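# Residue-level structural notes
Next come the chains, spelled out residue by residue.
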Amino acid sequence: DTGVSQDPRHKITKRGQNVTFRCDPISEHNRLYWYRQTLGQGPEFLTYFQNEAQLEKSRLLSDRFSAERPKGSFSTLEIQRTEQGDSAMYLCASSFYGTGFNEQFFGPGTRLTVL
Amino acid sequence: AQTVTQSQPEMSVQEAETVTLSCTYDTSESDYYLFWYKQPPSRQMILVIRQEAYKQQNATENRFSVNFQKAAKSFSLKISDSQLGDAAMYFCAYRSPFQGAQKLVFGQGTRLTINP
């Protein structure tokens, strides 16, 4: 399968713990996006990378959140000192930004539950 | 900032019938893209159909078509000959074509149920 993959698919943690999610984009894609989807809502943009550079961060991304994309390949999203309000589905998407349409392809998401 | 509104939290349709999902949006831009995404239960979101705002012709993809009313800022999705596999959450989304993140702005979603 050459689509976007995310790991883990589900994560249950206790409030105050740190968690890290991983996203592996489609191999030739130079852009990688993170979105957050809470229950009953549509996804909301968090941040994106072009290659290894993080070019924009949403105001939703508090200082407890950090994202990296070393070497412009996979990306990690870390949440420190988790809160119950962080419970959500975290979606990753990748795209090729260039001469084409820049269609975003989504991964299956990581569902985070903070107890 | 752009906003997208889907006023139908849930819709249901009989198999083989036609259903229309509604979406309205707000923007000050004259050029943009609009999308409908499908999110099946426990599966990843996939693009169903897209519309470029500068195109007057409504987009179609097999059984899926849109009714794009630019002046009214309305973008509805029509699914013809509904099939059981069409059951999913459907999200309307907006994207600016300009430089920058080109991030997607989503509506709240409509849950579509297909009755056999």
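Residues numbered from 1 in each chain as written. Chains lettered and ligands numbered in written order. Predicted model: local features only at pLDDT ≥ 70, side-chain atom pairs only at ≥ 80, totals over all residues. Heavy atoms only, no water.

The next point concerns the overall build of chain B. Each helix and strand counted, chain B has 0 helices and 12 strands in total. Reading chain B from its N terminus to its C terminus gives the helix and strand order β-β-β-β-β-β-β-β-β-β-β-β. Taken against the 2.2 N^0.38 rule, which gives 13 Å for 116 residues, the C-alpha radius of gyration of chain B at 14 Å falls within 12% of a compact globule. Viewed in the frame of its principal axes, chain B has a C-alpha envelope of about 45 × 30 × 20 Å. Here chain B holds 116 residues, and the buried ones make up 47% of them. Restricting the contact set of chain B to residue pairs at least 6 apart, pairs at least 24 apart contribute 55%. A total accessible area of about 5,800 Å² is found for chain B, and carbon and sulfur atoms account for 44% of it. A gap of 6 Å separates the mean positions of the 11 positive and 10 negative side-chain charges of chain B. (Helix = DSSP H or I, 4+ residues; strand = E, 2+ residues; numbered from the N terminus. Rg over C-alpha atoms; globule rule 2.2 N^0.38 Å. Buried < 20%, exposed > 50% of the residue type's maximum accessible area, 1.4 Å probe, protein only. Contact = heavy atoms within 4.5 Å. Areas by Shrake-Rupley, 256 points an atom, 1.4 Å probe, with all protein chains shown as cover. Lys, Arg positive; Asp, Glu negative; His and termini not counted. Charge placed at Lys NZ, Arg CZ, Asp CG, Glu CD.)

As a further point, take the overall build of chain A. The number of helices and strands found in chain A is 0 helices and 11 strands. Across chain A, helices and strands are ordered from the amino to the carboxyl terminus as β-β-β-β-β-β-β-β-β-β-β. For 115 residues, the compact-globule estimate of 2.2 N^0.38 gives 13 Å, and chain A sits close to it at 14 Å. Taking the principal axes of its C-alpha atoms as reference, chain A extends roughly 45 × 25 × 25 Å. Counting every position in chain A, which comprises 115 residues, the buried fraction comes to 49%. Of the roughly 5,900 Å² of accessible surface on chain A, 46% is carried by carbon and sulfur atoms. Here chain A carries 14 positive and 13 negative side-chain charges, and the mean point of each set is 6 Å from the other.

On to the pattern of salt bridges. Residues and elements named next belong to chain A. On inspection of all chains with the given rule, the structure shows 8 salt bridges over all chains. In this structure, the salt-bridge partner of Arg64 is Glu83, at a minimum N-O distance of 3.4 Å. With Arg64 in the loop between β6 (53–57) and β7 (65–68) and Glu83 in the loop between β8 (75–79) and β9 (88–95), this pair connects stretches of sequence that are 19 residues apart. Overall, the relative accessible area of 10% leaves Arg64 in the buried class. For Arg64, the salt bridge identified is with Asp86, shortest N-O distance 2.9 Å. Linking Arg64 in the loop between β6 and β7 with Asp86 in the loop between β8 and β9, this pair joins segments that are 22 residues apart in sequence. Of the two residues examined, Arg64 and Asp86, each falls in the buried class. (Salt bridge = Lys/Arg side-chain N within 4 Å of Asp/Glu carboxyl O.)

Let us look at the interface of chain A and chain B. Taken together, the 22 residues of chain A in the interface contact 20 residues of chain B. Note on chain A versus chain B: buried area summed over both sides is about 1,700 Å², and carbon and sulfur give 49% of it. A salt bridge links Glu56(A) to Lys103(B); the shortest N-O distance between them is 2.7 Å. Run the count over chain A and chain B and you get 7 residue pairs in polar contact (both at pLDDT 80 or more). Elements supplying a minimum of two residues to the side of chain A that touches chain B: β4 (31–37) and β5 (44–50) of chain A. Of the residues in the side of chain A that touches chain B, the class split is 11 nonpolar, 7 polar and 4 charged. (Buried area = accessible area lost by both parts, 1.4 Å probe. Polar contact = N/O pair within 3.5 Å; in protein donor to acceptor, adjacent residues only side chain to side chain. Nonpolar A, V, L, I, M, F, W, Y, C, P; charged D, E, K, R; others polar.)

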